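Letter by letter, the chains look like this.
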Amino acid sequence: MRGDDRLTRGRGRYTADLRVDGCLEAAFVRSPVPHADLLGVDTTTARTLPGVAAILTADDLTDVGDVPTMFGTDDSPPWRPLATDRVRHEGEAVAVVIADDRYRAEDAAAAVRLDLHRRPGHAAPGRADRLYPDHDDLALEKEFGPPVADTTWQEAHVVIDSRYRQQLLAPTSLEARAILVEPGSPLTVHCSHQFPHGLRTGIAGALGLAEDDVRVIVPDAGGAFGSKSPTYPEYLAVVAAARDLGRPVRWVEDRTEALTASSRGRGQDQHVRIAADVDGRILAIDLQVDADIGAHPLGAALPGQTALAASEAYAVPEVHATVRSWFTTTAPTYAYRGAGRPEAAYAVERAVDELAAELGLDPAELRRRNLVRDFPYDTPTGRRYDSGDYAACLDRCLELLEPDRWRGERERPTGVGIACYVERSGGEPGILEEYGSVTVEPAGFTGRVGTSSTGQPHRTVFAQLVADRLGVPADVVDLVEGDTGEVPEGHGTFASRSTQMGGAALAGAADALIDEARLQAAARWGLSSGDVAWDKGVLRAGTRELPVAELAPLHAEHRFTSPPAFPYGSYGVVVEVDPDLGAVTLLRLVAVDDYGTVLDHTATHGQTLGSIAQGLGQVLTEGVVLDDEGATVMPDGLLDYLLPTAAEMPRDLRVDETAVPAPDNPLGVKGAGEAGCIGVPPAVVNAVADAIRPLGGDPSRLRMPLTPSVVWEAMQP
Amino acid sequence: MKPAPFEYATPTTLDEAVALLGTPGARVIAGGQSLLQDLRWRRTSASLLVDIARIEELRGVHDDGDRVRIGARVRHVDLERGAVGGPLGRLLAATARWIAHPPVRSRGTMVGSLCVAHPSSEWCGLAAGLDATVELVSVRRRREVTVADFLRDSFTPAAGPDELATALLVPVLPEGTRVGVVESRRTHASYAHVAAVAALLPDGGSRLGLAGAAPTGVRAHAAEAALARGDDPGAAAAQLDADPREHPHAPIPYTRHVAGVLVRRALQEAS
């Protein structure tokens, strides 16, 4: 049985399941409008209601520091845990009610009166009326790569000029945000989180505590998809409440909060231009991104990921990208599975498909002519692609897709679409390092690593990895992660970094443990370590042997650093379009990804399927619906924000991998977590474009999500 | 979110239930598949929930030859599994299969759906199309209201706060009637966008109902008339019977168009 089997059997133990004596429950009072002056908060009635222990407002948190931004700007405006004089997005927390149960907390929250003076909201990226008095609405502007020469555009045989929209997505993990804080020394924080050491730093910093005074423990976590790495304002409010009351306090975010108040992903207006010669050789790509980053600069710099990826899989001499991040009166835009790379792949792969149509070239052939073939490859916007055989990946995809099989007379309009992508895994400078250790215990070994599973099978994969390294059975290896009291340092789980960075750190620690054990055995025996062999947990020299357990306590650490890796893939999709309704049906979906060397195919296969499902969500059904001012228009929650279910998965789903080892990684592994989110959306839209083009449809009117009405309208003359 | 506090009663007789409904702020709960959501979101409230799950008189289906009486406790899944016989039963079963997904169908009730009056409710479209009647009981009286009158507007059924909808009375479809139902929706688990229900009667007449095409379920009179004349019932449904509201994922012209397409497809399925 796999070590993480209990999660799929409903035996996980999440933050909401923790039993802590005397624990109080929190409910937030939130802004009902996108933008308003906050003139007053009246808690008089609410405080008298049964079960209420405390109600905190901004006035009670003056000794708590600002909310740290993760990918903010150099001069980010202050972000307070609870709003002070203005609310800048619907769902912004204004007060927190602490009561003896969640029902009573919500009763009291409903009784808190807010005195709000509406201001106009603006949901779309662009300059408005100063969301912050001392800051421009343009939170950040950045340029990547040298500008494309005017002559390139003028002399090109063809220039494609397209605009696309990346709709806002709600990350929607099964478990939304959750935190339980126990006051004391250390302050103990149980939180469904991707980055426990970062949360420790964030809380300690805001509360004026030393890092050792805060212990963050991540219980089982029900998904994250990038959204659970920040120190959210709600967390600081809950910490302050627990501290002030001297009692444990828990907050479990519900789905309504998650859909209105929590961070969102994507959110970009894109303008892409591609210049090519008569043979379809791409001469230049220019990508301009205007990102709606929400009311706080939590992820203001994240669209830079899109700019960095603007070359995608192609060797293009001139590539230039600009990013403008705009404050909007919406919940903060932040990481969501793919975090910048799906956006880039969509813009480039849609435009490349338009280029193929313009030139009358087969889209696969056009791509093949432009693929990067020599590695390492430095892109003009600043990436160094480490390795790969992009053409082999595309060829395998086409083999499985059988594009010609779907041509000719068919009952309904049918289209074939492909998309190639290159992404970045492991992280960026600053987190391109990870801690691992292996300790000899009386009954086996314990690995410790700075990653933090939010549902991924780390226990299975990492225990096996350490066991293989040591030559011992996996069931004598225990794994500890997600606890800052147990693991001294770490950078968490995101950016598809866990196995690449954490796995390599554990492997290095296991190797170091073997070296240390040989040294110590050699010292006992008066030999040099070169005379001592490690044999499945036993040290041997000639006829002498010593089980490593006898050397306990024995402990080795390793800090692994490396450049990022660049996984890639080719996706192919066949769709059928209902000519009368516009509904899209997937007849086949092919995913061929290169994750480098794969340690556990069950794990990577699960990642591929999950990311495909979320890619299908973005392209077909998901999308946060806002009015022009930024208020959500999703009264029925997940009946309006439609997630794909198992029933939405294509029946003919062909998943394969190629495996070019990552040269900078001792295990050869690249990240595997985000592939389908990146490859699926452009492949599906390209397929729908292919289906409607012969009918006189206009692919430029296709936008995500491809609801039936969008496709139907694109088919109208 | 959590609902605001409420009292909860489980009467075992109809008299007891309607007496409880005299309490200001009392609400009836049957399967709870809509009401519990609304309470949880605090967009409705109740001082007292009167649970009708134990009232014997509200059980089951009774066919008197002219009308089938479907009691307020009859769940979607009961109809899906063939609680009603004949062509009407086939139409009810085919329609039930479109409702939400199995967990909802195993708790939600048909009469409850009528009382919620969601614009996309398949049952509202069917009940309107078949000229069904709602039976309402209060301490004051027992009365019958046609579905056309009962479904005044979205979410606002024509029932007093003290009235309990005890049954839906659906005219029996004669032997030889052919039936069809089709629906458009965005995922397998989502609300209907539009649903069309068709019955082709042996005398050449037809009954057509639409859900999602107007603020409430409606009978597609214009499409029926067009069909009788030999004209395109789809065009009539789109232009005359449909009266859609704007939806973020479905502009009005598109919904009209879909109503027409689905009426044609429902008729095709029936023929």
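Residues numbered from 1 in each chain as written. Chains lettered and ligands numbered in written order. Predicted model: local features only at pLDDT ≥ 70, side-chain atom pairs only at ≥ 80, totals over all residues. Heavy atoms only, no water.

**Q** Got a sec to walk through the overall build of chain A? Specific residues and values, please.
**A** Summing up its helical and strand segments, chain A has 16 helices and 28 strands in all. Computed over the C-alpha atoms, the radius of gyration of chain A is 27 Å, within 12% of the 27 Å expected from 2.2 N^0.38 for a compact globule of 717 residues. Principal-axis analysis of the C-alpha atoms gives chain A an extent of 80 × 75 × 45 Å. A total of 717 residues make up chain A; the buried ones form 64% of that total. Within chain A, residue pairs in contact and separated by at least 24 positions form 80% of the contacts whose partners lie at least 6 positions apart. If you sum the accessible surface of chain A, you get close to 25400 Å²; carbon and sulfur atoms cover 48% of it. The positive charge centre, built from 66 side chains, and the negative charge centre, built from 107, are 2 Å apart in chain A. (Helix = DSSP H or I, 4+ residues; strand = E, 2+ residues; numbered from the N terminus. Rg over C-alpha atoms; globule rule 2.2 N^0.38 Å. Buried < 20%, exposed > 50% of the residue type's maximum accessible area, 1.4 Å probe, protein only. Contact = heavy atoms within 4.5 Å. Areas by Shrake-Rupley, 256 points an atom, 1.4 Å probe, with all protein chains shown as cover. Lys, Arg positive; Asp, Glu negative; His and termini not counted. Charge placed at Lys NZ, Arg CZ, Asp CG, Glu CD.)

**Q** Explain the packing of helix α5 (residues 196-207) of chain A against helix α6 (residues 233-245) of chain A to me, and be specific about the residues and the numbers.
**A** Residue and element names in this part refer to chain A. For the pair α5 and α6, the least separation of the axes is 11 Å and the interaxial angle reads 60 degrees. One finds that α5 runs oblique with respect to α6. Crossing geometry of α5 relative to α6 is assigned as right-handed. In contact with Leu 199, Gly 202, Ile 203, Ala 206 and Leu 207 of α5, α6 contributes Tyr 235, Leu 236, Val 239 and Arg 243. The residue makeup of the contact of α5 with α6, split by class, is 7 nonpolar, 1 polar and 1 charged. (Axes fitted to C-alpha atoms, helices over the stretch in contact; angles between N-to-C directions. Parallel < 35°, antiparallel > 145°, perpendicular 65-115°, else oblique. Left-handed = near helix turned anticlockwise from the far one by under 90°. Nonpolar A, V, L, I, M, F, W, Y, C, P; charged D, E, K, R; others polar.)

**Q** Describe the environment of Gly676(A), with residues and values.
**A** All names here are of chain A. Considering the arrangement of structural elements, one finds Gly 676 in helix α15 (residues 675-692). The class of Gly 676 is buried, set by a relative accessible area of 0%. Taking C-alpha positions, Gly 676 is 9.0 Å from Gly 338, a pair spaced 338 residues apart along the chain. Each residue touching Gly 676, except ones within four places of it in the same chain, is listed here: Tyr 571, Ser 611, Ile 612, Gly 615 and Pro 681.

**Q** Just give me the short version of the pattern of salt bridges, but keep the residues and values in it.
**A** Residue and element names in this part refer to chain A. Tallied over the entire structure, the rule returns 76 salt bridges over all chains. With a shortest N-O distance of 2.8 Å, Arg 588 and Asp 652 are connected by a salt bridge. Residue Arg 588 is located in strand β27 (residues 584-594), and its partner Asp 652 is located in the loop between α14 (601-621) and β28 (653-658); the two are separated by 64 residues in the primary sequence. A relative accessible area of 1% means that Arg 588 is categorised as buried. Relative accessible area serves as the criterion here: at 23%, Asp 652 is assigned to the partly exposed category. (Salt bridge = Lys/Arg side-chain N within 4 Å of Asp/Glu carboxyl O.)

**Q** Can you lay out the nonpolar core for me, pointing to particular residues and giving the numbers?
**A** Core analysis: the largest hydrophobic core is formed by 122 residues, its most contacted members being Val688(A), Leu706(A) and Leu210(B). In this structure, Leu210(B) is in contact with Gly125(B), Val194(B), Ala195(B), Ala196(B), Thr216(B), Gly217(B), Val218(B), Ala220(B), Ala237(B), Asp241(B), Ala259(B) and Val263(B), ignoring residues within four places of it in sequence. (Core = buried A, V, L, I, M, F, W, Y, C linked by side-chain atoms within 4.5 Å.)

**Q** Summarise the interface of chain B and chain A; cite the residues concerned and give the values.
**A** Each partner contributes to the interface: chain B provides 27 residues, whereas chain A provides 30 residues. Interface of chain B and chain A: buried area, both sides summed, is about 2500 Å²; carbon and sulfur atoms make up 57% of it. Along the contact surface separating chain B from chain A lie 5 salt bridges. Where chain B packs against chain A, one counts 14 residue pairs in polar contact (both at pLDDT 80 or more). If you tally residues by element for the side of chain B that touches chain A, the top one is helix α11 (residues 252-270) of chain B, at 6 residues. Counted by class, the side of chain B that touches chain A contains 14 nonpolar, 7 polar and 6 charged residues. (Buried area = accessible area lost by both parts, 1.4 Å probe. Polar contact = N/O pair within 3.5 Å; in protein donor to acceptor, adjacent residues only side chain to side chain.)

**Q** Go over helix α10 (residues 363-370) of chain A with me, naming the residues and quoting the values.
**A** Residue and element names in this part refer to chain A. For α10, the full list of buried residues reads Ala 364, Leu 366, Arg 367 and Asn 370. All buried residues of α10 lie within an arc of 160 degrees about the axis, which places them on one face of the element. On its buried face, α10 sits against β14 (282-294), α9 (341-359), α11 (390-401), β18 (414-422) and α15. (Arc of directions from axis to C-beta.)

**Q** Outline the domain arrangement of chain B, listing residues and values.
**A** Residues and elements named next belong to chain B. Under the domain assignment, chain B is made up of domain 1 (7-51), domain 2 (56-171) and domain 3 (179-270). Domain 1 and domain 2 are separated by 18 Å when their C-alpha centres are compared. With 13 residues of domain 1 at the interface, the matching set in domain 2 holds 18 residues. Carbon and sulfur atoms make up 69% of the surface buried where domain 1 meets domain 2, a total of about 1100 Å² over both sides. In terms of surface lost to domain 2, no three residues of domain 1 exceed Leu 14, Val 18 and Gln 33, which account for 49% of the buried area on that side. At the boundary of domain 1 with domain 2, the tally comes to 0 salt bridges. At the junction of domain 1 and domain 2, the tally comes to 1 residue pair in polar contact (both at pLDDT 80 or more). At the level of elements, α1 (14-20) and β2 (26-29) are the ones that each hand at least two residues to the side of domain 1 that touches domain 2. Tallying contributions element by element places α1 first for the side of domain 1 that touches domain 2, with 4 residues. (Domains from an automatic or database assignment.)

**Q** Outline the pairing of strand β12 (residues 192-200) of chain B, supporting the account with residue identities and numerical values.
**A** If a strand is regular, its side chains alternate between the two faces of the sheet. Residue and element names in this part refer to chain B. With 9 of its 9 residues buried, β12 lies for the most part within the structure. Examined bridge by bridge, strand β11 (residues 178-185) and β12 share 8 bridges and lie antiparallel to one another. Each bridged residue has a counterpart across the sheet, and for Val 182 the counterpart in β12 is Ala 196. The turn linking β11 back onto β12 is made up of 6 residues. In this structure, β12 lies alongside strand β13 (residues 206-211), joined through 6 bridges in antiparallel fashion. Counterpart to Ala 196 in the pairing with β13 is Leu 210. (Pairing = 2+ DSSP bridges.)

**Q** Please give an account of the layout of surface pockets that cites residues and values.
**A** Approximately 820 Å³ is the volume found for the second largest pocket. Every residue lining the second largest pocket is counted, 28 residues in all, and those nearest its centre are Arg30(A), Thr256(A), Thr260(A), Met1(B) and Trp41(B). Contributions of two or more residues to the lining of the second largest pocket are made by β1 (24-30), α3 (102-111), β6 (113-118) and α7 (255-260) of chain A. By residue class, the composition of the lining of the second largest pocket is 13 nonpolar, 6 polar and 9 charged. (1 Å grid on protein atoms, 1.4 Å probe; cavity = no way out; pocket = protein on both sides within 12 Å on 5 of 7 lines; lining within 4 Å. Points joined across faces, edges and corners; volume = space filled by probe spheres on them.)

**Q** Account for the packing of aromatic side chains, naming residues and giving values.
**A** All names here are of chain A. Going through the model one piece at a time under the given rule, you end up with 14 aromatic pairs over all chains. Taking 5.2 Å as the distance between ring centres and 80 degrees as the angle between the ring planes, the aromatic pair formed by Phe 28 and Trp 251 counts as edge-to-face. Residue Phe 28 is located in strand β1, and its partner Trp 251 is located in strand β12 (residues 249-252); the two are separated by 223 residues in the primary sequence. Taking the centre distance of 6.1 Å and the plane angle of 50 degrees together, the rings of Tyr 421 and Tyr 571 count as tilted. On the criterion of sequence distance, the pair formed by Tyr 421 in strand β18 and Tyr 571 in strand β26 (residues 568-577) is long-range, its members being 150 residues apart. Summarising the burial analysis for this pair, Tyr 421 and Tyr 571 share the class buried. Put simply, the rings of Phe 375, Tyr 377, Tyr 385, Tyr 390, Phe 566 and Tyr 568 pair up and form one aromatic cluster. Over the ring of Tyr 232 we find Arg 177, and its NZ or CZ is 4.4 Å from the ring centre. Its guanidinium or amino end placed over the ring of Trp 406, Arg 405 lies 4.7 Å from that ring's centre, counting from NZ or CZ. (Phe/Tyr/Trp six-rings, centres within 6.5 Å; stacked < 30°, edge-to-face > 60°. Lys NZ or Arg CZ within 6 Å of the ring centre and 35° of its normal.)

**Q** Explain the sheet that holds strand β6 (residues 133-137) of chain B to me, using residue names and the numbers behind them.
**A** All names here are of chain B. Spatial ordering of the open sheet is given by β4-β5-β10-β6-β7, a layout of 5 strands whose pairing is antiparallel. Of all the strands in the sheet, the pair left with one neighbour each is β4 (61-63) and β7 (142-146). The sheet shows a mean angle of 25 degrees between the axes of neighbouring strands, direction not considered.

**Q** Explain the state of the cysteines to me, and be specific about the residues and the numbers.
**A** All names here are of chain A. One pass over the structure, following the stated rule, counts 0 disulfides over all chains. With no disulfide of its own, Cys 393 lies closest to Cys 420 among cysteine sulfurs, the gap being 7.2 Å. Given a relative accessible area of 0%, Cys 393 falls into the buried group. Unpaired in this structure, Cys 677 has its nearest cysteine sulfur neighbour in Cys 393, at a distance of 17 Å. (Disulfide = S-S within 2.5 Å.)

**Q** I'd love a proper account of the side chain of Ser262(A), names of residues and values included.
**A** All names here are of chain A. Among the structural elements, Ser 262 can be located in the loop between α7 and β13 (265-276). Look at Ser 262 and you get buried, because its relative accessible area is 7%. The residues contacting Ser 262, other than those within four sequence positions of it, are Arg 177, Glu 253, Glu 257, Ala 331 and Pro 332.

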